[in-house]
Amino acid sequence: MTRQFVDDAGGGAGLRHLTLIALGYLALAVAGQAARTVTAWLASRLAWDGTDRLRERLTEHALGLDLAFHGRHTPGELIERVDGDVVAVADFVVAFVLDVVAGVLLLAGVLVVVCTVDWRIGCALLAYCVVVGYGMARAQRLAVPSAARSRAASATLVGMLEERLAGVEDIRANGAGEHTVRRFHQVSAALFRAENRDARIGTMLLAGTSVAFAAGTAVMLGLAAWAVEAGTLTVGTAVLLFQYTLMVRAPFERLIDQIRRYQSALAGLARIAALLAEKPALTPGTSPLPAAGPLGLRVEGVGFSYPDDGEQVLSGIDVTLAPGETLGLVGRTGSGKTTLARLVLRLHDPVEGRVRVGGVDLREADPRSLRGRIGMVTQDVQLFAASVRDNLTLFRPSPGDERLWQALEHAGLGEWAAGLPDGLDTELRGLSAGQAQLLAFARAFLSDPGLVVLDEASSRLDPATERRIEDGMSRLLRDRTGVIIAHRLSSLSRVDKIAVLDHGKIVEYGRRADLAADPDSRFGRLLDLAGVRR
Ligand SMILES: Nc1ncnc2c1ncn2[C@@H]1O[C@H](COP(=O)(O)OP(=O)(O)OP(=O)(O)O)[C@@H](O)[C@H]1O
Ligand SMILES: [Mg+2]
């Protein structure tokens, strides 16, 4: 159309004829734009459908990995992996369809058309495209490490932000704000440098192509002028060739831009693959634990050290509890009490020995029945910004309000719950340490486990709350096997057995009554020290 327009105008055609050609050209341009819009819509859908599924899969996978993995990676870093990396891939998929495929098609089309007009000029254009394409492919290598570095820097920043924001109370209370901000500056400066480098390389590539295209256009213009002079081309064809040369530029530039996106998508994909390749070290077993009643516990010759940390935290631990018996676990801070509890819950596997619950080695236990039959109340109870109901059920389908109220009642929170403005739908905020502990009891009542592990909060509680906790605890332990990690010896007045841990070893183990009666026992002396009646 361009050629016809120019040649007809030169030949003195009528205004009507020229207007018709112009209108046709306009209609084509509009149709092209419409096609582009539809493609963009389709490409976005394609990318988001796929990546949403990927995100879901990654989240599920990350949640399924064991605590050892989560100890090594901050939540923020995982968010960046599950979200940031996937977005980088989605961006690329959209861009790939729109820019890369469309760009390559356009280039091929231009080459074919120019070749049919004049094969010599077509060959020149082809040679030129090959040279520029080769240069770009070489330059692409420059961009690889810089894109990977800027993604890693971004993950570090997000990880740090998440951790510091979660700890804002401690940071503020200890006056560590200034240092935190300084650290934030350092990490953001690293990100800035990485991004800056990345952008600089991108700009350099762009500048390089601008020069190449200016030169290319000049050469094409020269060739066309020469052909018109020689009489082999009309002016319209020369204009057409010039226009096509200009058209080559846009897809090339978009392709260059895509190289960077492609790099970051590639880096993202590699990290996604690495995350998916992480396998939980704890392989799930298939034997279910006994479905009802209290469960016996046998800890046999257990030794343990945390992964990536050579220090032996537990060694030679032997404990036996018949169904329904309770064990009080005492020992100094850092002696390994919580660690032993984690092994009983199979949050880690012991390095030596085994843990049997209800006669089943936990390595062979079916995870579903394990989570259902063993309950734990941790030292610091995690509460969620959600309703009381969701905090009790931990977002699982509710077993019915009646059971929830009953659990609260059993845990000693009946009075507190009765005062809630919206009942179970009240948003939970600002519980005291004692209340949080009671809420965790209520959670345990709901799941009705056969073995409970209570890791008592070490914070001081007022005598009234302490009383309520003790009552809740004895109700929870009725007809259940229990391991109680106690910081206050008064909580251990009703346990059957006592184990005293010191530096990861059991230094004293026996029936509570015997130990309390023995004037030389460690436990007896601890009771004396704490001023608790033997
Ligand atoms: N996730 C972990 N990774 C590496 N080492 C850990 C981890 N958790 C605990 N430890 C180490 O294991 C040892 C035992 O810790 P543990 O938490 O079991 O002590 P504890 O007896 O429960 O102490 P407390 O009475 O203060 O609660 C400590 O030396 C601690 O530094
Ligand atoms: Mg502990």
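The preceding data block contains the structure.
Residues numbered from 1 in each chain as written. Chains lettered and ligands numbered in written order. Predicted model: local features only at pLDDT ≥ 70, side-chain atom pairs only at ≥ 80, totals over all residues. Heavy atoms only, no water.

### As for the sheet that holds strand E6 (residues 374-377)
Strands sit in the order E6-E7-E8-E3-E9-E10 across an open sheet of six strands; the sheet is mixed. Looking at strand neighbours, the two that pair on one side only are E6 and strand E10 (505-511), the edges of this open sheet. Strand-to-strand, the axes of this sheet are offset by a mean angle of 15°, without reference to chain direction. As judged from the five bridges shared by strand E3 (residues 326-331) and strand E9 (residues 497-502), these two strands associate in the parallel manner. Residue pairing in the sheet places Gly 331 in a bridge with Leu 501 of E9. Against the sheet, helix H15 (residues 463-477) makes contact with E3, strand E7 (451-455) and strand E8 (481-485), and its axis sits at roughly 160° relative to E7, the strand it touches most. (Pairing = 2+ DSSP bridges. Helix = DSSP H or I, 4+ residues; strand = E, 2+ residues; numbered from the N terminus. Axes fitted to C-alpha atoms, helices over the stretch in contact; angles between N-to-C directions. Contact = heavy atoms within 4.5 Å.)

### Some details on the side chain of Asp 361
Within the fold, Asp 361 resides in strand E5 (residues 360-361). Polar side-chain contacts of Asp 361 include one of 2.8 Å to the side chain of Arg 354. (Polar contact = N/O pair within 3.5 Å; in protein donor to acceptor, adjacent residues only side chain to side chain.)

### Observations concerning the environment of Ala 436
Mapped onto the elements of the fold, Ala 436 is located in helix H14 (residues 433-447). When the C-alpha atoms of Ala 436 and Thr 2 are compared, they prove to be 77 Å apart, with 434 residues separating the residues in sequence. Ignoring anything within four residues of it in the chain, the contact list for Ala 436 reads Val 381, Leu 383 and Leu 431.

### Some thoughts on the pairing of strand E2 (residues 312-321)
Looking along a regular strand, one sees the side chains alternate between the two faces of the sheet. Relative to E2, strand E1 (residues 297-305) runs antiparallel, the two being bridged by six bridges. Within E2, the position partnered with Leu 297 by the bridge is Leu 321. The antiparallel pairing of E1 with E2 creates a hairpin that spans six residues between the two strands, and Asp 308 there sits at a positive phi of about 60°.

### Topic: helix H2 (residues 15-64)
In this model H2 runs 73 Å from its N-terminal to its C-terminal C-alpha over 50 residues, within 8% of the 74 Å that 1.5 Å per residue would give. Among all positions of H2, only Leu 18, Ile 21, Ala 43, Ala 47, Thr 51, Arg 55, Leu 58, His 61 and Ala 62 are buried. (Expected span 1.5 Å × (residues − 1). Buried < 20%, exposed > 50% of the residue type's maximum accessible area, 1.4 Å probe, protein only.)

### Structural notes on unusual backbone geometry
Of note, the phi angle at Leu 394 is positive, near 50°, even though the residue is not glycine. With respect to the secondary-structure elements, Leu 394 resides in the loop between helix H11 (388-393) and helix H12 (401-410). Of note, the phi angle at Asp 479 is positive, near 60°, even though the residue is not glycine.

### Regarding the site of ligand 1
Residues in contact with ligand 1 amount to 13 residues; listed here are only the nearest, Thr 333, Lys 337, Thr 338, Thr 339 and Gln 379. Between ligand 1 and Gly 336, the relevant distance is 3.0 Å, taken from an oxygen atom to a main-chain nitrogen or oxygen of the residue. The side chain of Arg 342 places a nitrogen or oxygen atom 3.4 Å from a nitrogen atom of ligand 1. For ligand 1, whose unbound accessible area comes to 640 Å², protein coverage reaches 64%. Ranked by the residues each element gives to the shell around ligand 1, the list is headed by helix H9 (residues 337-344), at four residues. (Near = heavy atom within 4 Å. Areas by Shrake-Rupley, 256 points an atom, 1.4 Å probe, with all protein chains shown as cover.)

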